[in-house]
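If you want the building blocks of each chain, they are given just below.
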Amino acid sequence: MKILITGGAGFIGSHVVRLFVNKYPNYTIHNLDKLTYAGNLANLKDIEKKPNYKFIKGDIVDAAFINALFEKENYNAVIHLAAESHVDRSITNPLEFVMTNVIGTVNLLNAAKTLYQLSTSNFKLFYHVSTDEVYGALGETGIFTEETAYDPHSPYSASKAGSDHFVRAYHDTYGLPALISNCSNNYGPNHFPEKLIPLCINNIKNNKPLPIYGKGENVRDWLFVEDHARAIDVIFHNAKVGSTYNIGGHNEWTNINVIRLLCKIMDKKLNRAEGTNEKLITFVKDRAGHDLRYAIDSSKLQNELGWKPSLQFEEGLEKTVDWYLANEAWLNDVTSGNYAKYYEEQYAKR
Ligand code: NAD
Ligand code: TDX
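Residues numbered from 1 in each chain as written. Chains lettered and ligands numbered in written order. Predicted model: local features only at pLDDT ≥ 70, side-chain atom pairs only at ≥ 80, totals over all residues. Heavy atoms only, no water.

Caption draft 1: View of the packing of aromatic side chains. Counted by the stated rule, this structure contains 17 aromatic pairs. Between Phe20 and Phe236 the ring centres are 5.6 Å apart and the planes differ by 85°, which places this aromatic pair in the edge-to-face class. You can see Phe20 sitting in helix H1 (residues 11–23) and its partner Phe236 sitting in helix H7 (residues 225–238), a full 216 residues away along the chain. The buried category is assigned to Phe236, whose relative accessible area is 8%. Here the aromatic residues Tyr187, Trp222, Phe224, Trp253 and Phe313 are joined through ring pairs into a cluster of three or more. The ring of Tyr245 carries the charged tip of Lys300 above its face, separated from the ring centre by 4.3 Å. (Phe/Tyr/Trp six-rings, centres within 6.5 Å; stacked < 30°, edge-to-face > 60°. Helix = DSSP H or I, 4+ residues; strand = E, 2+ residues; numbered from the N terminus. Buried < 20%, exposed > 50% of the residue type's maximum accessible area, 1.4 Å probe, protein only. Lys NZ or Arg CZ within 6 Å of the ring centre and 35° of its normal.)

Caption draft 2: Region of the structure containing the site of ligand 2. Taken together, 20 residues are adjacent to ligand 2, and Thr131, Glu133, Tyr156, Arg287 and His290 come closest. Take Glu133: an N or O atom from its side chain is 2.7 Å from an oxygen atom of ligand 2. A distance of 2.7 Å separates an oxygen atom of ligand 2 from a polar side-chain atom of His290. If ligand 2 stood free it would expose 660 Å²; the protein chains cover 93% of that surface. (Near = heavy atom within 4 Å. Polar contact = N/O pair within 3.5 Å; in protein donor to acceptor, adjacent residues only side chain to side chain. Areas by Shrake-Rupley, 256 points an atom, 1.4 Å probe, with all protein chains shown as cover.)

Caption draft 3: Region of the structure containing H1. Over its 13 residues, H1 extends 19 Å from the first C-alpha to the last, a length consistent with the 18 Å expected when each residue adds 1.5 Å. The complete set of buried residues in H1 reads Phe11, Gly13, Ser14, His15, Val16, Val17, Arg18, Phe20 and Val21. Check the buried side of H1 and you find it contacts strand S1 (2–6), strand S2 (28–33), strand S3 (53–57), strand S4 (77–80), strand S7 (186–187) and H7. (Expected span 1.5 Å × (residues − 1). Contact = heavy atoms within 4.5 Å.)

Caption draft 4: Looking closely at the site of ligand 1. Around ligand 1 there are 28 residues in total, and Ile12, Asp33, Ser85, Tyr156 and Lys160 lie nearest to it. With respect to ligand 1, the side chain of Asp33 contributes an N or O atom lying 2.5 Å from an oxygen atom. The element best represented in the shell around ligand 1 is strand S5 (residues 125–131), accounting for three residues. When grouped by side-chain class, the residues that make up the shell around ligand 1 number 12 nonpolar, 12 polar and four charged. (Nonpolar A, V, L, I, M, F, W, Y, C, P; charged D, E, K, R; others polar.)

Caption draft 5: Structural detail: the state of the cysteines. Enumeration according to the criterion identifies zero disulfides in this entry. Note on Cys200: no disulfide assigned, nearest cysteine sulfur contributed by Cys263 at a separation of 7.5 Å. With a relative accessible area of 0%, Cys200 lands in the buried category. Overall, the relative accessible area of 0% leaves Cys263 in the buried class. (Disulfide = S-S within 2.5 Å.)

Caption draft 6: Summary view of a nonpolar patch on the surface. Taken together, the side chains of Leu95, Val98, Met99 and Ile103 present a nonpolar region at the surface, about 320 Å² in accessible area. Note that Met99 resides in helix H4 (residues 94–117). (Patch = residues over 30% accessible without salt bridge, like charges linked within 9 Å, V, L, I, M, F, W, Y side chains within 5 Å. Salt bridge = Lys/Arg side-chain N within 4 Å of Asp/Glu carboxyl O.)

Caption draft 7: Region of the structure containing H7. For H7, with 14 residues, the first-to-last C-alpha span of 20 Å sits near the 20 Å given by 1.5 Å per residue. Counting buried positions over the 14 residues of H7 gives 10, a clear majority of the element. Within H7 the residues assigned to the buried category are Val225, Asp227, His228, Ala229, Ala231, Ile232, Asp233, Val234, Ile235 and Phe236.

Caption draft 8: The arrangement of the sheet that holds strand S6 (residues 178–183) in detail. Strand order in this open sheet of seven strands is S3-S2-S1-S4-S5-S6-S11, and the pairing throughout is parallel. Strand pairing shows two members of the sheet lacking a second neighbour, S3 and strand S11 (244–247), which therefore form its edges. For this sheet, the mean angle separating the axes of adjacent strands, direction not counted, is 20°. The pairing of S1 with S2 spans five bridges and is classified as parallel. By the bridge assignment, Ile3 is partnered in S2 with Ile29. On top of the sheet, H4 reaches S1, S4 and S5; it is set at about 165° to S5, its chief contact. Against the sheet, H7 engages S1, S4, S5, S6 and S11, with an angle of about 145° to S5. (Pairing = 2+ DSSP bridges. Axes fitted to C-alpha atoms, helices over the stretch in contact; angles between N-to-C directions.)

This is the structure:
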């Protein structure tokens, strides 16, 4: 089995690549990544020399490059994670999200379709990794199921919804074997420190303000990133082609309560008096179009395929804090110019 994983140098992608490379030594794993600001080869240092792993630098928006790659490598499957992923950036620059998330996905679908239609190919699956944000926002009650109608609000979620629709269209129109999973908010090691949890870990460490949008009452449903990677593994190997699965941990928290818990954990870890870090909380202007609440029903995945989350949030958050405190160099690099330099050196060697 030769699998192309896109976006494997990013947060979730790096955990998926690591899991597949280590768990399936007989598979060949190619990691295709453009290495935007969010892609970091340092996330994969522990597996980069494994014989069943190869990194390919490339842009999914470049159709000629993608077509040539598929023709040359004759992949058996794709797990597609490459995307622009930050909602705030999508509000500033929506077009970049259309380019990568919609056009990039359609380029991959076209290349996969061409391969699938060749008599010499053994193309089995296009697995598209998506988000719960495509379902829109919930009020105080309710939960997203696989049947919930799409109702995206941000340019990010609109672009992900568009990509999901194209994946289904290629399955229905051309018979491309494809499936989709929609996951809730992830947290854990290697999360880029522009997102709420790693941003606040970094700011607490440096005694900087913790910017909470609005009143901090928005609710997110948090899942530890390794549990998402395990779910992708289970779905990839067991789900029916054409199906959709929601992934989530039934773990809803208001943003303010997440940050209070984080402050408490980090008071202890940094030997600060209880209550010290909470004083850093600063309420700031709300995000435009800020979705109030996400909550995902993953019972289909749990009942049909036997997956369940492995960690309680408190435990996962403590593990995450420990990782960031132990990996100061990673954090310093991605918040400084060293990071760009590291890449130049890596490419020069390849
Ligand atoms: P990320 O921003 O950390 O990583 C994205 C990766 O894609 C980076 O390595 C980047 O270099 C690469 N990339 C971006 N544009 C590219 C392009 N044009 N060509 C090739 N590579 C490109 O994102 P993430 O948080 O790891 O999310 C991964 C996927 O999971 C995304 O599709 C996202 O929509 C989805 N998702 C994320 C979450 C979450 O909480 N982070 C939850 C559900 C679903
Ligand atoms: O500084 C901040 N202050 C704040 O209050 C930031 C960056 C965020 N927030 C709020 C906005 C959200 O309600 O915290 C919540 C989480 O924000 P993000 O970490 O930006 O994540 P979110 O917008 O929920 O989207 C994430 O989950 C779904 C990922 O970035 C997406 O890629 C994924 O699809």
